[in-house]
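# An overview of the molecular structure
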Amino acid sequence: MTPEEILRHFEESGALLEGHFLLSSGLHSPRYLQCALALQYPADAARFGREIAGLFSSGRIDTVASPAIGGLIIGYATAAALNVRFIWTERQEGKMMLRRGFSLRPGERILVVEDVITTGGSTRECIAALESSGGQVVAAASIVDRSGGKADVGIERKSLLELSVPGFPAENCPLCASGSIAYKPGSRS
């Protein structure tokens with residue numbers, strides 16, 4: 001899939017939203033990517049999963065892991081394409097960790113997969129949780145990188161679509177200054 005095809009899919013599925021949004025990172029933005037809409041059909045999720053898996057076909061991946069909740073569908077689809085197991089991290093009392101009985105073998109090679117990366121915060125938290133549990137996180141990936149390539153997660157990171165979407169701290173948000181009220185979509189509203 002080309003970046004243009006991916007962007008077109010987001011537009012046609014209603015997953016590319018325009019307005020005034022409060023992101024999980026705390027930033028405000030005039031655009032939001034609602035990946036749940038882009039991945040609502042299993043065939044679409046499988047296609048994106050195969051595309052991400054193809055970015056890592058030359059390296060050995062033992063496990064795909066994703067931070068809950070946004071990364072679950074695409075992480076699972078990527079693991080299916082690689083034919084490896086899939087696990088996830090989730091927050092408990094504000095801290096990202098492995099739960100539900102998941103454990104890692106020492107040195108297990110892990111690919112962290114997200115739907116959208118803005119600042120890389122959730123990905124970094126996921127990586128830290130996996131490494132503290134004995135895993136070796138070898139790379140990270142996402143469908144969309146809305147940072148324009150600027151998000152640093154501390155390891156190799158690839159995406160299918162790179163966008164430069166502005167994000168503003170609330171105190172410097174031109175949308176807020178114009179009187180617009182931010183809406184918080186997504187899993188942490």
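Structure first, text after, so check above.
Throughout, residues of each chain are indexed from 1 in the direction in which the sequence is written. Side-chain atom pairs in this predicted model are given and counted only at pLDDT of 80 or more, local residue features only at pLDDT of at least 70, and totals for whole chains, interfaces and linings cover all residues. Hydrogens and waters are ignored; side-chain quantities use all the structure's heavy atoms.

## Some details on the overall build of the protein
Keep this limit in mind: By definition, any uninterrupted DSSP run of H or I lasting at least four residues is a helix, any uninterrupted run of E lasting at least two residues is a strand, and each is numbered from the N terminus. All radius of gyration figures rest on C-alpha atoms, and the globule criterion is 2.2 Å times the number of residues raised to 0.38. Buried, partly exposed and exposed residues are distinguished by accessible area as a fraction of the type maximum, computed with a 1.4 Å probe on protein chains only: under 20%, between the cut-offs, and over 50%, respectively.
Along its length, the protein carries six helices and eight strands. Whereas a compact globule of 189 residues would reach a radius of gyration of roughly 16 Å, the protein reaches 16 Å, a difference of no more than 12%. If one aligns the C-alpha atoms of the protein with their principal axes, the spans along those axes are about 50 × 35 × 25 Å. The 189 residues of the protein split such that 43% are buried.

## Re the packing of aromatic side chains
Two numbers describe a pair of aromatic rings. These are the distance of the centres and the angle of the planes. Here is the rule we go by: Pairing of aromatic side chains requires ring centres within 6.5 Å, counting the rings of Phe and Tyr and the six-membered ring of Trp. Pairs whose planes differ by under 30 degrees are stacked, by over 60 edge-to-face, and all others tilted.
Under the definition given, this model contains six aromatic pairs. When the centroid spacing of 6.2 Å and the interplanar angle of 90° are considered together, the rings of Y76 and F86 count as edge-to-face. Remark: F86 occurs in strand β4 (residues 85–92) and Y76 occurs in helix α4 (residues 72–82); sequence separation between them is ten residues. With a relative accessible area of 55%, Y76 lands in the exposed category. Aromatic pair W88 and F102: ring centres 5.0 Å apart, planes at 75°, arrangement edge-to-face. Pair noted here: W88 is in strand β4 and F102 is in the loop between β5 (95–98) and β6 (109–117), with a separation of 14 residues, a long-range link. Aromatic rings pair up to connect Y76, F86, W88 and F102 into one cluster.

## Remarks on α4
As a reminder of what qualifies: Contacts: residue pairs with any heavy atoms within 4.5 Å of one another.
Three or more residues of α4 are buried, namely I74, G75, A77, T78 and A79. For α4, the elements touching its buried residues are α3 (42–54), β3 (63–67), β4, β6 and β7 (136–145). Positive phi appears at N83, one or two residues downstream of α4, with a value of about 60°.

## Things to note about unusual backbone geometry
In this structure, the amide linkage connecting A68 to the following residue, I69, adopts the cis form with an omega of 10°. Checked against the element boundaries, I69 lands in the loop between β3 and α4. Within the chain, N83 stands out as a residue other than glycine whose phi angle is a positive 60°. Within the fold, N83 resides in the loop between α4 and β4. Positive phi, normally seen in glycine, also occurs at E93, with a value near 55°. Its location among the elements puts E93 in the loop between β4 and β5.

## A look at the pattern of salt bridges
Counted only if it meets this: Salt bridge, as applied in this entry: a Lys or Arg side-chain nitrogen positioned within 4 Å of an Asp or Glu carboxyl oxygen.
Within this structure, the stated rule accounts for ten salt bridges. Among the salt bridges present, the one from R99 reaches E90, with a minimum N-O distance of 3.5 Å. Looking at R99, the relative accessible area reads 31%, which means it is partly exposed. Judged by its relative accessible area of 11%, E90 falls in the buried class.

## Notes on the packing of helix α1 (residues 3–12) against α3
What counts, and what does not: For helices, the axis comes from a line fit to the C-alpha atoms of the stretch in contact; other axes are also lines fit to C-alpha atoms, and the angle between any two N-to-C directions lies between 0 and 180 degrees. Roughly parallel means an angle under 35 degrees; roughly antiparallel means over 145; roughly perpendicular covers 65 to 115; every other angle is labelled oblique. When the near helix sits turned anticlockwise from the far one by under a right angle, the crossing is termed left-handed; a clockwise turn instead gives a right-handed crossing. Basically, the charged four are Asp, Glu, Lys and Arg, the nonpolar ten are Ala, Val, Leu, Ile, Met, Phe, Trp, Tyr, Cys and Pro, and anything else, Gly included, counts as polar.
Relative to each other, α1 and α3 sit at 155°, their axes nearing to 13 Å. As far as their axial angle goes, α3 and α1 are roughly antiparallel. The two elements α1 and α3 meet at a crossing, and its hand is left-handed. In contact with I6, H9 and F10 of α1, α3 contributes D44, R47 and F48. Its residues placed into classes, the contact of α1 with α3 shows three nonpolar, one polar and two charged.

## Section: the side chain of E108
Let me state the cut-off plainly: The term polar contact refers here to a pair of N or O atoms within 3.5 Å; inside protein, the definition further demands a hydrogen-donor-capable atom paired with an acceptor-capable atom, and it admits residues adjacent in sequence only when both atoms are side-chain atoms.
Within the fold, E108 resides in the loop between β5 and β6. Of the polar contacts made by the side chain of E108, one reaches the side chain of T63; its length is 2.3 Å. If we skip the residues at most four places from it in the chain, E108 touches D62, T63, R85, S103, G134, G135 and Q136.

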